[in-house]
Structures are given as structure tokens and as C-alpha cells.
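# Fold and geometry: a report
Here are the chains, one letter per residue:
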Amino acid sequence: MNDLKERYLSIQKIIRTHDYEYYILDDSKISDQEYDELFRELRQIESENPDWITPESPSQRVGIKPESDFATFKHFQQMLSLANAFNEEDLRNFHDRIVKNLGKAKQIKYFCEPKMDGAAVSLIYEKGILTKGITRGDGTLGEDITSNIRTIRSIPLTLRESVNPFPDLVEVRGEVFISKPNFNALNLKAKQNGDKVFANPRNAAAGSLRQLDPAITSSRPLAFFAHGIGICKGVEFIDLQEIFSVFASWGLPVNNLNKLATSIEDCLKYFKKIESTRDSIPFEIDGVVFKVNELTSQNQLGEIARSPRWAIAHKFPAEEVYTEIEKIDFQVGRTGILTPVAKLKTVNVGGVNVSNCTLHNLDELTRLDPRVGDGALIKRAGDVIPKMVKVIPKKQNRGKGVAAPSKCPSCQSPIDFNYQSEWTIIDTKTSNPVKKFSSSYEAQKYLETNQSANLNILEERIESPFIKCSGGNNCPEIFQGKFTHFVSRKAMDIDGLGQEILLTLINKQFIKDFADIYSLKRHRVELEKLERFGEKSVDNLIKSIDKSASVELYRLVFSLGIEEVGETTARNLANIFGSMEAIQESSFEDLIAVPDIGPRVAAKITDYFSNTENIASLKALIPCLSIINPKLNISREDMKFSGLQIAITGKISPMSRDEIKNLLILDGAKVTSSISKKTDYLIAGENAGSKLEKAKSLGVRIIEKGDIDTFINDPKKFF
Ligand code: IVH
């Protein structure tokens, strides 16, 4: 080897050592100028000898821009996700299950780590050289983001030689994240440049990793901590503690807050300690992770519904954040209900910017009594919509209390103060109430089955906390809302009819009724002249309208926007009656025999179909469609899932959750969205979260991903 080549390789090595000292040990031994000088020399040699350059050279962090999208990469081993514990009891239950599984005699140690709020990635090192970086993706398929991963300075392009030999292949898993100060600086810069600011460090990290141009990723202050291992060929490990110390010896960044706990009490102490120091930790965390330390025990415990049984994320309680109320409005929904909504000074709650918060109804308004200018505590847990927990009045000059409007804010029609009737069976002798019903039908039935001269029905009108615009189709909000719902994804699913386009078409009177949507193609020429409409976009719109015309019956029923008829009820109606005509002709009695339909919903349905406007609108619409009617089963008792209550959670493929739901309902199941003691089975797909936890704690039987097909074909196998 000539002297220059030797010098070249030695500079590479020196730079690598300095990188390790700077990024991993946080203990730099040279000045920035000296480092830059070395780098300049490296680049100089490379420019004169381009054929010497290998991808591991420190100069090669920012590679070339890939042509198009990222390639998908199938993970060698699935990247699992973590089950959650939200309190001490959950954590103790987790521990008890493990003790039960491994036997009392075994002393269980837990490896404790902060739960980083970043993006999970998998790094492949072959014989010590970084060859691939992949996003977690859906756990099975990720995206090849190798060139972006290489730009992250704390990720070594080659592992350091140490007493621990490199395996032929090792998959290092961990979290890419942005520290709090770097995140703030990044957002400040974005604001100054007029760019979009990131809601939280997680979005910023994930977004930066998915940039097509590695130069952009390189400009983002990304960091990395290893938190696990995937496939490993050529080296055996005993426990996590060993893995992390070997990782550190190879120069991989490992969080120094990690700790080994020898009991569950120790784990709880760790949780409390990290929680109390959370603010001073320089990166965002949302809890801590506990993992059974020993690998043989991990293997024995295995996994359930895509989460390992040997690990759990103990989450910090949902954050409550203080902000101010700027305005309180009433918003009209498509059914005409007026919902009070507080406009807030924008505030970040658990990583999401919140500037509006629903106050639900008049009862909630009375409970909170918010005034413009008041302070308010806002809470948001997981993906739950923000809730106003408490109003904190400003002592002086408090604004006026919010009263229900007397006119619709949109169309000025009078407000209907809804009254709900309640029917009480009373004992006429004593005047004591015997039982209360929310429909006269049920009360009547009670009387019939409990015939007694002393019983009578008393109807009482109680004020409903929900108020309503009386304008009907004359109210623009109701009218537009009706169409927005009609075209939405779970309804007719018409792409390209977004809010603004819809509004234009309504204002230009192209759309006055549902059926008009299907005759839009006759107005092609006029449409193309409208602002925002080109030939291409009109083409696409017509294509998606045509596509939507072939529609399953339940979707059509749901699209009509009948009050109280959500997706599940629409499915039930479709599956029981089998055709639009049969639904239209069904009687109140027929309707209340349908699962989930009570007298109140039944009354809304008969109301809908006795309205002449609705009938005319349907009559015009139906010939435009090709309705796919469900196959009807003859007897409900013979159905596969008859009598079973089933819940579905998590991501399911290749069938969607909706498709599975439809199949189950068709075969007699009651499909619910929440879990209760009555739930018989939970079908748990990927990333199943709190529902899975709840199901486990209630002892609900769980159908894991691999079993879903079998369960749907032959549920008896699981009875
Ligand atoms: S271990 C089988 N450790 O949380 C467990 N994950 O739901 C695999 N995360 O996708 C992950 N900090 O992105 C583990 N110290 C930590 C973590 C951590 C954050 C993320 C990770 C994963 C998700 C699990």
C-alpha cells in the first residue's frame, strides 16, 4: 500500500474515533478547527483518488438523492410494539402474569429504559459495517431509508472494534429522535422561514427520516439510541444487560438512564424517579419501558397480538395543559344539532396542537360555565379528542356566561329546544314510580305483560341538553353537512369532492340533491370553466363518481344521514332487510327486532321514510346506482356468530377492519367498538392498544392476528 493510501485510511480511523468521542461519549478531545482540518485532508485525498472511496468513509454520510420513493424492505423479524400499563395495578398484573408463566422460583429481573418519543428504526450491520437502515413501517414491511440513516452522526457507519467480536449480521433496533433544545431551535427556524412548524419531536423525527433528499435529513438534528436487537448471526447473548454493554463497546449510542431492576418494586421506583425528573431530561419521553432481562425467559413468554409478553410500556398520566378561552361558538352539524365549541389559544397537549375543544351540550356548558377570557385546563390522552377538564375563572371582569342562542347562527331559523319524553309506570294506589322508559312503546309493552289494574303510564317531558336548528334543508350548514357526509369515505366514498369543491358546486346550483351528483358529467363543459376545475380534475371527479355508483347497500343506507343511524346500524339494517325497498317498507315493529335498534332509533328511521322530500330524493337517486345487496341468511340461530359480542382493534390486513366487521355482522355477531365484560372475543390486529389491555384485564378471549382467518371461517374452534 502506498503512503498516501495508508494516510487516507488512518485519517478515516482518526475521524471515526473523534466522532465516537464527540457523539457517543460526549467528550471531545480536539478542537473543531483540528477536526475540520482532518476532514479537509480526507476530502482532498478522495477528490484525487475517487476510486478509494468506500461507503464507510466519514465523508459519505450524505449520499445521492434517490430517484423516486423509498423501496419497501421486509424485516428479517417482525418489529413488535409494546402493550401499555397506565397505572401501578396494570404493571403489577403484568408482573403477576410473568411470574405465573415462568414459575415462582425464578427471580425476574427487568431492564428499565425511558420510552423515547421518536421513530423506531432497524439498522443492519454486516461484519461491522452499516449496510441498511429501515423504518419500522407496519412492523413487517418497512422502508429502506439507508441514505438518510447514514446522515445521523451518532449512528456509526462502522462498529468499533472491541473485545466483543462483530457478528456476521446484527440488526440493531432503536429510536431516532430530536432532543428538546434542538426541536425548539428547529421550529424557531421554521417559523422564521415561514415554514410549517412540527407539532412534536416525534413528527419532526419521522418526517425528517422520510425526506427523499438526504441533504435535508442531514440538516435535521437527529439522534439515536439503541433499544433492542433483531436478527443476530454469529454471536449469542444471555440477557439485555449484556446486549447493551456490548452495543456500547461497539460504539452504538445507549441511553445512560437505562437501569437493571431486580424486583417489580424497583421498577416502580424507577418509574417515579424518571417521572419526577422528566422535565430535566433533554429529550421527550412518554413513559418508561420494562423488559424481562433474560433472553431465555423472553423466548418462553413469547408474544401475543404483536406485543411481546415480556415487555410493557408504563405510560405517564395524560397531560393537563393550561390555556385561555378566546371565543365560544355554537356550531351546526349536519343533523342540525348545535354544539358549543370553545376556541382556545393554541396549546400543545401531549404532542398535538389544540385550538378548539368541544363542550358537547348545554349540560356540559352548565357544568363548566366557561367565559371568554377564562383560563381552562385541557386534557388529551392518546388519540382521544381534547376535553376541557376545568375552567379557571379570571377573578376580575369576567365575561358574560354563555346562553343558548335563540336563532341558528347560520340561517337564523328559530332553535328547537328539544324535549325528550320519559314514560314512567306508576302504581296508581301509592303514586310510586315502578319503572321508567325512554319510549312509550316499551312502557306499553310493560303494561301488557304486567297486567294489573293499578298500573298506569305517566308521560313526562324533560328538557334535552341538545338544541337544534329548525331550518332543515334551508340551513346552509345542514344542507352542506348532508352532502359532506354523503360523499365521505365511509359513506359513498367519492374522492375529489372535498369541502371547497362541494361548496362551489352547491353554490352554483349544480348540486341540489343527491342524484345531481350522478348527473354532473352532463355538465362537463360548464364544470371545466369553473375556477379550480381543469379538464384533468373534472375527469378524475367523474371517474370517482362513477366508481362510487356501485355501492354496498349498507353504505348507501349510512350515506343518507338518517339521524341515529351510524355505520353499525346501517349494516344491521342492510343485513336484515336485504334491500332498500325492504328497509323503506319496514314497520316500527320490524325495526325494533333488529340488533342494536331500540324504539328511539326505530322512530327516527320511520320518520325519515315517511318524509316525502326524503322519498323523492331516494327515488331519484336509486336509478343512478348499482346497489350490491347482501346475501340474506335464513335463520339467525344458524348463523356462525349468533349471540356473540365481538370487538375489533388494531390494524388488520389484508382485509380491512370494516370488511371483517361486515362479515361478522352478516353472520349474526354483535360488533361493538368498546370492550366490556359482555364482550366474548376481541380480534386484535397490529398495534392494538388500550382495548387489548382492557380485554386482557377483563379476561376477554383474544383472537390474534394469525388466527383471524380461522376464526372467521370456523369460530367453533375457539369456543
Ligand atoms: S422496545 C418489543 N424500548 O415504542 C418492543 N421501544 O410500542 C419493541 N420505543 O415502536 C420496542 N422507546 O418506537 C422499546 N426504550 C424503548 C423504547 C421503545 C420508545 C417505541 C418504539 C416502538 C414503540 C413500541
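In what follows, the accompanying structure is described. Keep in mind that what you see is a predicted model, and the values were worked out from it rather than measured. (Residues numbered from 1 in each chain as written. Predicted model: local features only at pLDDT ≥ 70, side-chain atom pairs only at ≥ 80, totals over all residues. Heavy atoms only, no water.)

### Overview of helix α24 (residues 657-666)
To keep things clear, this is the line we draw: To sort residues, take the accessible area from a 1.4 Å probe on protein chains only and compare it with the maximum for the residue type: under 20% means buried, over 50% means exposed, and anything in between is partly exposed. Think of it this way: any DSSP run of H or I at least four residues long counts as a helix, any run of E at least two long counts as a strand, and we number them from the N terminus. It only takes one pair of heavy atoms within 4.5 Å for two residues to be counted as in contact.
Turning to α24, its buried residues number three or more, namely I660, K661, N662, L664 and I665. Residues of α24 that are buried sit in contact with α18 (553-559), α19 (567-577), β24 (645-649), β25 (670-672), β26 (681-684) and α26 (708-713). Among the residues trailing α24, G668 stands out with phi positive, at a value near 95°.

### Some remarks on the sheet that holds strand β5 (residues 129-135)
The cut-off we apply is this: Strand pairing requires that DSSP identify at least two bridges connecting the strands. Throughout, an axis means a line fitted to C-alpha atoms (over the contacting stretch in the case of helices), and angles, computed between N-to-C directions, take values from 0 to 180 degrees.
Spatially, 4 strands are ordered β5-β4-β7-β8 in an open sheet, and the strand pairing comes out antiparallel. At either end of the open sheet lies a strand with only one pairing partner, and these are β5 and β8 (223-233). Neighbour to neighbour, the strand axes of the sheet diverge by 25° on average, direction disregarded. Against the sheet, helix α8 (residues 240-249) touches β7 (169-177) and β8, its axis set at about 115° to β8.

### Here we look at the nonpolar core
Our working definition: Residue types Ala, Val, Leu, Ile, Met, Phe, Trp, Tyr and Cys, when buried and joined through side-chain atoms within 4.5 Å, form a set referred to as a nonpolar core.
Ranked by size, the top nonpolar core spans 52 residues in total, and within it L505, I517, Y518, L560, L573 and I605 carry the most contacts. Look past the residues within four positions of L573 in its chain and what remains in contact with it is V557, V565, G578, I583, L591, V594, I597 and I605. Counting 34 residues, the second-largest nonpolar core is a separate cluster that includes I178, L186, W250 and L252.

### Remarks on unusual backbone geometry
Positioned with a positive phi, Q412 is a non-glycine residue whose angle comes to about 65°. Examined against the element boundaries, Q412 turns out to sit in the loop between β18 (387-392) and β19 (415-427). The class for Q412 is partly exposed, based on a relative accessible area of 47%.

### Some points on the site of the ligand
Filter applied, for reference: In this text, near means that some heavy atom of the residue lies within 4 Å of the molecule or strand in question. As used in this structure description, the phrase polar contact means that two N or O atoms lie within 3.5 Å; if the pair is within protein, one of them must be able to donate a hydrogen and the other to accept it, and residues adjacent in sequence are counted only when both atoms belong to side chains. Per-residue accessibility takes into account occlusion by the displayed protein chains alone, with areas from the Shrake-Rupley method and a 1.4 Å probe. Polarity classes work like this: nonpolar for Ala, Val, Leu, Ile, Met, Phe, Trp, Tyr, Cys and Pro, charged for Asp, Glu, Lys and Arg, and polar for all others, with Gly in that last group.
In the vicinity of the ligand lie 14 residues, with L82, E113, M116, E175 and K291 positioned nearest. Here L82 contributes a backbone N or O atom positioned 2.9 Å from an oxygen atom of the ligand. Contact distances for the ligand include 2.9 Å between a nitrogen atom and a backbone N or O atom of M116. Considering the ligand on its own, with 510 Å² of exposed area, one finds that the protein chains cover 86% of that surface. Among the elements that line the shell around the ligand, the one with the most residues is strand β3 (residues 110-116), at 4 residues. Split by residue class, the shell around the ligand holds 7 nonpolar, 2 polar and 5 charged.

### Looking at the environment of S656
With respect to the element layout, S656 can be found in the loop between β24 and α24. Of the residues examined, S656 reaches a relative accessible area of 29% and is grouped as partly exposed. Distance in space between the C-alpha atoms of S656 and N203 is 26 Å, their sequence separation being 453 residues.

### Digging into the sheet that holds strand β27 (residues 701-703)
Taken together, the 4 strands give an open sheet; going across it, the order is β25-β24-β26-β27, and neighbouring strands pair in parallel fashion. Two strands close off the open sheet at either side, each with one partner strand: β25 and β27. In this sheet, neighbouring strand axes are inclined to one another by 30° on average, regardless of whether the strands run parallel or antiparallel. Judged from the 4 bridges that link them, β24 and β26 form a sheet pairing that is parallel. Of the residues in β26, the one forming a bridge with I646 is Y681. Contacting β24, β26 and β27, helix α25 (residues 690-698) crosses the sheet at an angle of about 145° to β26.

### What to know about helix α23 (residues 612-621)
Applied cut-off: For this quantity, the arc is that covered by the directions from the helix axis to the C-beta atoms.
Residues of α23 that are buried: N614, S617, L618 and L621. Each buried residue of α23 lies within a common arc of 100° when the element is viewed along its axis, so the set occupies one face. Exposed side of α23, more than 90 degrees from the buried face: T612 and K619 are the residues found there. Packing partners of the buried residues in α23 comprise α13 (476-487), α15 (514-517), α18, α20 (580-585) and α22 (599-610). Two or three places before E613, at the start of α23, stands the capping residue N611, its side-chain oxygen 2.7 Å from that residue's backbone nitrogen.

### Quick notes on the pattern of salt bridges
Between side chains of opposite charge, a pair can form as their charged atoms come close. Quick reminder of the rule: A carboxyl oxygen of Asp or Glu within 4 Å of a side-chain nitrogen of Lys or Arg is what we treat as a salt bridge.
Scanning the model with the defined rule gives 34 salt bridges in all. For K521, the salt bridge identified is with D546, shortest N-O distance 2.8 Å. Remark: D546 occurs in helix α17 (residues 535-548) and K521 occurs in the loop between α15 and α16 (524-529); sequence separation between them is 25 residues. For D546, a relative accessible area of 39% gives the class partly exposed. In this structure, a network of salt bridges that share partners links the residues D369, R371, D374 and R398.

As far as function goes, none of this settles anything; it's purely spatial.
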